[in-house]
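Residues per chain, in single letters:
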Amino acid sequence: MEEQRLWTACKNGNIEEVIKLLQNSQINTNWQSTGYFSSTPLWIACKNGHIEIVKLLLNDQRIDVNITDTVERTPFYVVCWNGHFEIVKLLLNGKRIDISKANKKDWIPLSIACYKGHIEIVKLLLNDERVDINKASNVDGSTPFLLACEYGQMEIVKLLLNDKRVDVNKAQIEGATPFFLACYKGHHEIVKLLLNDKRIDVHKTNVDGKTPSIAACYKGEIEIMKLLLSDNRIDINKRDYNEKTTLDWARENGKMEIVGLIESFLNNPNETRTKLRI
């Protein structure tokens, strides 16, 4: 089957075979494999980083450049996922490319680039006016900035904080903000960075009324708790919708080191805060 041969040649980077097969005017250039996510020849060439084959396919007007795989990932999405910088640049120059088409989780290519930590690709996308940099997933509400904070992509967090267009407090559907998730996941350096940015809402709770400090405490993130307690804005006594404070959660979950830290803070806030800042 000619279509299967074209797909395999694109997968393996066999440029001579691709050139030969594209000369067939009857071949279905958008054929989708029966396996491997029902991907097209262009999709698999993009996924495997075969830039010369991608160029060939883009020059063929029969190619539908936006056909997705079984989880709704376009060829452009998959190069952002895999970090193929030169192919991203190539595709951005194509007028046919939908650079904001989301996958099944409603993550756009910028979201996946932030999640994966591909900073040079993120820079490219930030400079393209077609990209909605605050696009929230309809599935969970995650934005590109939130994903960078949640998954510990420090350099991308820095980059996005310097872009005034970014909504740094936009929360997920369940109410967790980028700051909340950075605390919950224990990303110490990101939490420190966010605490130094006055735009960050350090008080915003999730849908259960849990604060970032409760989230950090629940996971036993002692170093995050030290950072939070050293900041004058943090209200350690705030209760969630179950009327529990951060200290209550620490006791209930057996986080005794955090219990000791909070008790010391409550007994002498100024002295404890001063020690934590040293």
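Check the entry above for the structure.
Residues take numbers from 1 onward in each chain, read along the sequence in its written order. The predicted origin of the model limits local features to residues at a pLDDT of at least 70 and limits the giving and counting of side-chain atom pairs to 80 or more, whereas totals for whole chains, interfaces and linings rest on all residues. Side-chain numbers here rest on the full set of heavy atoms in the structure, without hydrogens or water.

S.K.: Describe in detail the packing of aromatic side chains, supporting the description with residues and values.
M.R.: Any two rings among Phe, Tyr and Trp, with Trp reduced to its six-membered ring, count as a pair given centres within 6.5 Å; such a pair is stacked if its planes are under 30 degrees apart, edge-to-face if over 60, and tilted if neither. Applying the stated criterion across every chain, the model contains 5 aromatic pairs. Between the aromatic rings of Phe37 and Trp43, the centroid separation amounts to 6.3 Å while the plane-to-plane angle is 45°, which identifies the pairing as tilted. On the basis of relative accessible area, Trp43 is assigned to the buried category, the value being 1%. Here, over-ring charges are defined by two tests on the NZ atom of lysine or the CZ atom of arginine: distance to the ring centre within 6 Å, and angle to the ring normal within 35 degrees. Just above the ring of Phe37 sits the side chain of Arg73; from NZ or CZ to the centre is 4.7 Å. Its guanidinium or amino end placed over the ring of Tyr184, Lys219 lies 4.4 Å from that ring's centre, counting from NZ or CZ. Buried means the residue's accessible area, taken with a 1.4 Å probe over protein chains only, is under 20% of the maximum for its type, while exposed means over 50%, and partly exposed covers the values in between.

S.K.: A description of the environment of His50 should follow, citing residues and the corresponding values.
M.R.: To qualify as a helix, a DSSP run of H or I must reach at least 4 residues; to qualify as a strand, a run of E must reach at least 2; elements of each kind are numbered from the N terminus. Checked against the element boundaries, His50 lands in the loop between helix 3 (41-47) and helix 4 (51-58). Given the relative accessible area of 21%, His50 is considered partly exposed. Residues His50 and Ser25, 25 residues apart in the sequence, show an inter-C-alpha distance of 23 Å. Setting aside residues no more than four positions away along its own chain, His50 makes contact with Cys10, Lys11, Asn12, Gly13, Ala45 and Ile87. The contact rule is simple, with two residues in contact once any of their heavy atoms fall within 4.5 Å.

S.K.: Tell me about helix 11 (residues 178-185), and please be specific about residues and values.
M.R.: Counting buried residues along helix 11, 6 of its 8 residues qualify, which places the element largely inside the surrounding structure. Listed in full, the buried residues belonging to helix 11 are Pro178, Phe179, Phe180, Leu181, Ala182 and Cys183. Where helix 11 is buried, its residues meet helix 9 (144-150), helix 12 (188-195), helix 13 (212-218) and helix 14 (222-229).

S.K.: Tell me about the nonpolar core, residues and numbers included.
M.R.: With 82 residues, the main nonpolar core has Phe76, Leu194 and Leu228 as its most contacted residues. With 6 residues, helix 14 is the largest single contributor of residues to this core. The contacts of Leu194, once residues within four sequence positions are left out, are Phe145, Cys149, Val157, Leu161, Pro178, Phe179, Ala182 and Ile200. Remark: nonpolar core denotes a set of buried residues (Ala, Val, Leu, Ile, Met, Phe, Trp, Tyr, Cys) joined through side-chain atoms within 4.5 Å. If you look at the next biggest cluster of nonpolar residues, it comprises 5 residues, including Leu146, Ala176, Phe180 and Leu181.

S.K.: Which residues make up the pattern of salt bridges, and what values go with them?
M.R.: It is possible for side chains bearing opposite charge to pair when their charged atoms get close. We define a salt bridge as a contact between a side-chain nitrogen of Lys or Arg and a carboxyl oxygen of Asp or Glu at a distance within 4 Å. Following the criterion strictly, the structure yields 21 salt bridges and no others. Residue Arg5 pairs with Glu17 through a salt bridge whose shortest N-O separation is 2.8 Å. Pair noted here: Arg5 is in helix 1 (residues 2-12) and Glu17 is in helix 2 (residues 15-22), with a separation of 12 residues, a long-range link. Residue classification places Glu17 among the buried residues on the basis of a relative accessible area of 19%.

S.K.: Which residues make up the packing of helix 16 (residues 256-267) against helix 17 (residues 269-277), and what values do they have?
M.R.: Their axes nearest at 5 Å, the elements helix 16 and helix 17 cross at an angle of 125°. Taken together, helix 16 and helix 17 sit at an angle that is classed as oblique. Of the residues in helix 17, those touching helix 16 at Leu261, Ser264, Phe265, Leu266 and Asn267 are Pro269, Thr272, Arg273 and Leu276. Of the residues contributing to the contact of helix 16 with helix 17, the split by class is 5 nonpolar, 3 polar and 1 charged. Angles shown run from 0 to 180 degrees and are taken between the N-to-C directions of axes, each axis being a line fitted to C-alpha atoms and, for helices, limited to the stretch in contact. With respect to orientation, any angle under 35 degrees is reported as roughly parallel, any angle over 145 as roughly antiparallel, any angle of 65 to 115 as roughly perpendicular, and every other angle as oblique. Each residue is assigned to one of three groups, with Ala, Val, Leu, Ile, Met, Phe, Trp, Tyr, Cys and Pro labelled nonpolar, Asp, Glu, Lys and Arg labelled charged, and all others, Gly among them, labelled polar.

S.K.: Would you mind going over the side chain of Ser230 in detail, with residue names and values included?
M.R.: Relative to the elements of secondary structure, Ser230 occurs in the loop between helix 14 and helix 15 (246-252). Here Ser230 is in contact with Arg273, Leu276 and Arg277, once residues within four sequence places are set aside.

S.K.: Any chance you could break down unusual backbone geometry for me, citing the residues and the numbers?
M.R.: With a phi close to 65°, Asp106 is a non-glycine residue in the positive phi region. The topology assignment puts Asp106 in the loop between helix 6 (85-92) and helix 7 (109-116).

S.K.: If you had to explain the packing of helix 12 against helix 14 to someone new, which residues and values would you point to?
M.R.: Look at helix 12 against helix 14: their axes get within 10 Å of each other, and the N-to-C directions meet at 15°. Taken as axis vectors, helix 12 and helix 14 run roughly parallel relative to one another. Considering how the two elements wind past one another, helix 12 and helix 14 form a crossing that is right-handed. Only Glu223, Ile224, Leu227 and Leu228 of helix 14 make contact with helix 12, whose side of the interface consists of His188, Val191, Lys192 and Leu195. Taken together, the residues of the contact of helix 12 with helix 14 break down into 5 nonpolar, 1 polar and 2 charged. Crossings are classed by handedness, with left-handed meaning an anticlockwise turn of the near helix from the far one by less than a right angle and right-handed meaning a clockwise turn.

S.K.: Give me the state of the cysteines: which residues, what numbers.
M.R.: A pair of cysteine sulfur atoms is labelled a disulfide when the two atoms are within 2.5 Å. The tally for this structure, following the rule as stated, stands at 0 disulfides. Free cysteine Cys46: the closest other cysteine sulfur is in Cys10, separated by 9.6 Å. Among the residues examined, Cys46 registers a relative accessible area of 0% and is labelled buried. Not part of a disulfide, Cys149 finds its nearest cysteine sulfur in Cys114, a span of 9.6 Å.

S.K.: Kindly report on helix 2, identifying the contributing residues and their values.
M.R.: Among the residues making up helix 2, those that are buried are Glu17, Val18, Leu21 and Leu22. Looking down the long axis of helix 2, one finds its buried residues gathered within 125° of arc, a one-sided arrangement. Every exposed residue of helix 2 that faces more than 90 degrees away from the buried side is listed here: Glu16 and Lys20. On its buried side, helix 2 packs onto helix 1 and helix 4. Along the arc lie the directions from the helix axis toward the C-beta atoms.

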